[in-house]
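Listed here are the chains, written in short residue letters.
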Number of protein chains: 2
Amino acid sequence: MNKNAFDIQKSSVTFPFGFKASGIVAGIKKSGKDLALVTSDVPAQCAAVFTTSTLPAACVLFSKKIIKNKKAQALIINSGNANACTGDQGYKDTQEMATVTAGCLGMSEDMVLVSSTGVIGVPLPMETVRSGIVKACSAIKDQGGIEAAEAIMTTDTYAKYFAVEFELDGKKARIGSMAKGSGMINPNMATMICILTTDVDIDADMLQSALNKVIPRTLNALTIDGDMSTNDAVFLLANGQCGNKQITSKDENFNKFTDALESICLEITKALAADGEGATKFVTVTINQANTQQEALKAAKEIANSMLVKTAIFGHDPNWGRVVAALGKSQAKIDPNAFKITFAGIPVADNGQAIKYDKEKMFAALKNKEIEINVSLGSGSAEATVYTCDLTYDYVKINAEYTT
Amino acid sequence: MNKNAFDIQKSSVTFPFGFKASGIVAGIKKSGKDLALVTSDVPAQCAAVFTTSTLPAACVLFSKKIIKNKKAQALIINSGNANACTGDQGYKDTQEMATVTAGCLGMSEDMVLVSSTGVIGVPLPMETVRSGIVKACSAIKDQGGIEAAEAIMTTDTYAKYFAVEFELDGKKARIGSMAKGSGMINPNMATMICILTTDVDIDADMLQSALNKVIPRTLNALTIDGDMSTNDAVFLLANGQCGNKQITSKDENFNKFTDALESICLEITKALAADGEGATKFVTVTINQANTQQEALKAAKEIANSMLVKTAIFGHDPNWGRVVAALGKSQAKIDPNAFKITFAGIPVADNGQAIKYDKEKMFAALKNKEIEINVSLGSGSAEATVYTCDLTYDYVKINAEYTT
């Protein structure tokens, strides 16, 4: 797959044909936009991936039911309140968000997906939410994607949205996206919400297959701090407005769509990692020569989640001893006399031992914003890549001061 | 078991009869004591628990062999260099540490255990180590335990040593200890070294049984940052000088000894947690009403390792949403309508939902140095307790500035 074939554009969920959106100030958060709405002009095929938390929020339970119907036409998302651990009332509140949205938009209730992000354990301020939904419904427009992206932010420092365009059956096909998440991001997504829209004509099962293929290599390969939330979700809506022949099998067009989807999800992944709470570095950890793919992934995640490795990166220190500690903990098979480690492209260990390197060159390399750690385990041929960021004073500051 | 029956004393490995020790400046570290020696007047029964890292240091591989003989008479420990990832030469260097120690003390080489802690991937400065060992051997004395405890420190802010005395067969029985470790401490011990000495007469198999029983509830229930090292080890030497009838089965005396051992190991655990790098709080996480003991432990560790929970504690914030996120990630069975959470003894969630609490009282309670988080899962009757500390600016500072 040549990811370079897809030119990433700075556009959002309204980039594909037939999608509208809005992002408004409802008053759920103390300030700023906090309610986003995305709609399709026609009912869309839909797919989703949700948090594996055993304590999912009400909106996750609700949206899982909607996704089973494989069709949706609108998605309402609030920030500032996760509506998690809010009991039966929380579920009723989620249902009401769908009901009010459906009423305003004149569509069936079971066509509305709901997502929430923010503080856990606080009931939704439903008066505010209700009037906000009415406002959001009246504000939807063709170019509303960026405002919607702004409305789903919590501790993000900037709104994240990307789009791609490619050809399918001689037609212009498009995928748009918006995402939020900065701390509490972890393997299996955590407090991350990502909305993908496309005008490609593809049936819901193929849509889900494409998403399932792409997520493990992109959004699930992202870890900020090893924490996982109650609310994470990725939604993918396909409204078929591009005019291609509907994709109903894993044919060439399916592969083309999946590749485009992967390139956009990878871009989102990188943006989320780079905007990790307090992060100064975007870190890519790649494991090669692992015994199994599972071990490669485990080893990569142990390194990416190691507080000691993350603080070392912040301190511009190629502390490969901490990488070794994480590798040993991962229980992945490692040849102690063969493993190799490079920091920022500069080898620091070979044949399981330290090697000399130019310290000034290394220090300069570690000043870059993007850092790669590569480890060859010498045990096989499997590989995996995960994305993370460094651990900084500001991470502690943001999370010690963020209040319940 | 009544742990209060054991009065913890501020004494070290030379508290039991027939043990000597020394702690000297060899010059391995830039400054301070860096070489410790503990000897028994007579060959002692021995037991140990080692890191489960798949990349153990040379000293771990070496000492595992010695422990198989079930007898040892001396233990030489250096700080400042872990002698890990140092290849065949590293193993030879460990062997030479034992050889030189045995030669100086006039005992057989296979009676000497070796332990190292410090930077990974740097060969031991053997000239310095050799002359240091000679110096340490000539410095051993009856009251050398505290100096030895000082010599094994790395980023510890103070030396850790504890002792207990109790009666066995009408005789005074004693256990002494010293330990080091502050960052990189994790379930399964990580960069932690703990030396336990006792004058109780107990055979090596019973000694190992006692250690195996105590460690999961104490040192393996400790986690600072989820990281694990290549060098962790707990050694337990019993020289039989107390004069009790040798313990050879799990009888009443075995239980008494094990209880005393547990009380001392718990004290060490608490001291290590309280001295976690940059820590301002000692945190106890207890899970009740879990479906299985394994799930209770997994849930407790997820909470204790959560960077978000740890920063919240630092910020005096009873952020139980982050506890919920960690619980959900743990995959432990939880009744979403029944779980309860208390912070510092004050309930914050009940029946799976927020409850009101006095914010001023909470803020005052969270200013204490010792904080308890208790969670009842409502799924069964199993329970587990783990110990940790908060995550602070200083953790980042210490670990960003510690250089390879």
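Preceding this paragraph is the structure being described.
A quick note: this is a predicted structure, and the numbers were derived from the prediction, not measured. (Residues numbered from 1 in each chain as written. Chains lettered and ligands numbered in written order. Predicted model: local features only at pLDDT ≥ 70, side-chain atom pairs only at ≥ 80, totals over all residues. Heavy atoms only, no water.)

### A closer look at the overall build of chain A
Defined as follows: Elements are defined by DSSP. Helices are runs of H or I of four residues or more, strands are runs of E of two residues or more, and each kind is numbered from the N terminus. Two things to know: the radius of gyration comes from C-alpha atoms, and the globule rule equals 2.2 Å times the number of residues to the power 0.38. Contact between two residues is taken to exist if any of their heavy atoms lie within 4.5 Å; hydrogens are not considered. Accessibility throughout is a Shrake-Rupley quantity obtained with a 1.4 Å probe, and a residue counts as covered only by protein chains that appear here. Lys and Arg are tallied as positive, Asp and Glu as negative. Neither His nor the chain termini are counted. By convention, the charge on Lys lies at NZ, on Arg at CZ, on Asp at CG and on Glu at CD.
Secondary structure assignment for chain A yields eleven helices and 14 strands. Rg of the C-alpha trace for chain A: 22 Å, near the compact-globule value of 22 Å for 404 residues, within the 12% margin. Overall, chain A is about 70 × 50 × 35 Å in size when its C-alpha atoms are taken along their principal axes. Considering only contacts within chain A whose residues lie at least 6 apart along the sequence, 80% involve residues at least 24 apart. Per element, the accessible surface of chain A, about 14000 Å² overall, is 48% carbon and sulfur. Charge centroids of chain A, computed over 40 positive and 43 negative side chains, lie 2 Å from each other.

### Brief notes about the pairing of strand β13 (residues 370-376) of chain B
Residues and elements named next belong to chain B. Here is the rule we go by: Exposure classes here rest on a 1.4 Å probe applied to the protein chains alone. A residue is buried below 20% of its type maximum, exposed above 50%, and partly exposed in between. When DSSP finds at least two bridges between two strands, those strands are taken to pair.
For β13, the buried fraction is high: five of the seven residues fall into the buried class. Examined bridge by bridge, strand β10 (residues 340-343) and β13 share four bridges and lie antiparallel to one another. From the neighbouring strand, Thr342 faces β13, where its bridge partner is Asn374.

### Looking at helix α2 (residues 87-105) of chain A
Residues and elements named next belong to chain A. The line we're drawing: To estimate the expected span of a helix, subtract one from its residue number and multiply by 1.5 Å.
In a regular helix each residue adds 1.5 Å, so 19 residues correspond to 27 Å; α2 covers 28 Å between its end C-alpha atoms and thus fits that length. Turning to α2, its buried residues are Gly90, Asp93, Thr94, Met97, Ala98, Val100, Thr101 and Ala102. Taken from the residues just after α2, Gly106 is the one with a positive phi, measuring 70 degrees.

### Notes on the packing of helix α1 (residues 58-68) of chain A against α2 of chain A
All names here are of chain A. Put simply, the rule is: Every angle, taken between N-to-C directions, lies between 0 and 180 degrees, and every axis is a line fitted to C-alpha atoms, over only the stretch in contact when it is a helix. Any angle between 65 and 115 degrees counts as roughly perpendicular, while under 35 counts as roughly parallel, over 145 as roughly antiparallel, and the rest as oblique. Each crossing gets its hand from how the near helix is turned against the far one by less than a right angle, where anticlockwise is left-handed and clockwise is right-handed. Throughout this entry, Asp, Glu, Lys and Arg are counted as charged residues, while Ala, Val, Leu, Ile, Met, Phe, Trp, Tyr, Cys and Pro are counted as nonpolar. The remaining residues, Gly among them, count as polar.
Two elements in contact, α1 and α2, have axes separated by 8 Å at closest approach and are oriented at 50 degrees. Compared by their axis directions, α1 and α2 come out oblique. In this structure, α1 meets α2 at a crossing whose hand is right-handed. Counting all contacts with α1, which are made through Ala58, Cys59, Leu61, Phe62 and Lys65, the residues of α2 involved are Gly90, Tyr91, Thr94, Gln95 and Ala98. Each residue belonging to the contact of α1 with α2 can be placed in one class, and the counts come to six nonpolar, three polar and one charged.

### What to know about the side chain of Ser79 of chain A
Residue and element names in this part refer to chain A. Secondary-structure assignment places Ser79 in strand β3 (residues 71-81). Of the residues examined, Ser79 reaches a relative accessible area of 0% and is grouped as buried. If near-sequence neighbours (up to four positions away) are discounted, Ser79 is found in contact with Ile28, Lys29, Lys33, Asp34, Thr117, Ala151, Ile152, Met153 and Thr154.

### Considering the packing of aromatic side chains
Defined as follows: Pairs were defined over the aromatic rings of Phe, Tyr and Trp, the Trp ring being its six-membered one, requiring ring centres within 6.5 Å. Orientation was assigned from the angle between planes: stacked under 30 degrees, edge-to-face over 60, tilted for the rest. The criterion for a charge sitting over a ring is simple: Lys NZ or Arg CZ within 6 Å of the ring centre, and within 35 degrees of the ring normal.
This structure, assessed with the given rule, holds eight aromatic pairs over all chains. A ring pair is formed by Phe282 of chain B and Tyr387 of chain B, whose centres lie 5.9 Å apart and whose planes are at 5 degrees; its orientation type is stacked. Linking Phe282 of chain B in strand β9 (residues 282-290) with Tyr387 of chain B in strand β14 (residues 382-389), this pair joins segments that are 105 residues apart in sequence. Comparing Phe282 of chain B with Tyr387 of chain B shows no difference in burial state: the two are buried. Here the guanidinium or amino end of Lys160 of chain A rests over the ring plane of Tyr158 of chain A, the centre of that ring lying 4.8 Å away. Positioned over the ring face of Phe17 of chain A is Arg174 of chain A, at 4.8 Å from the centre of the ring.

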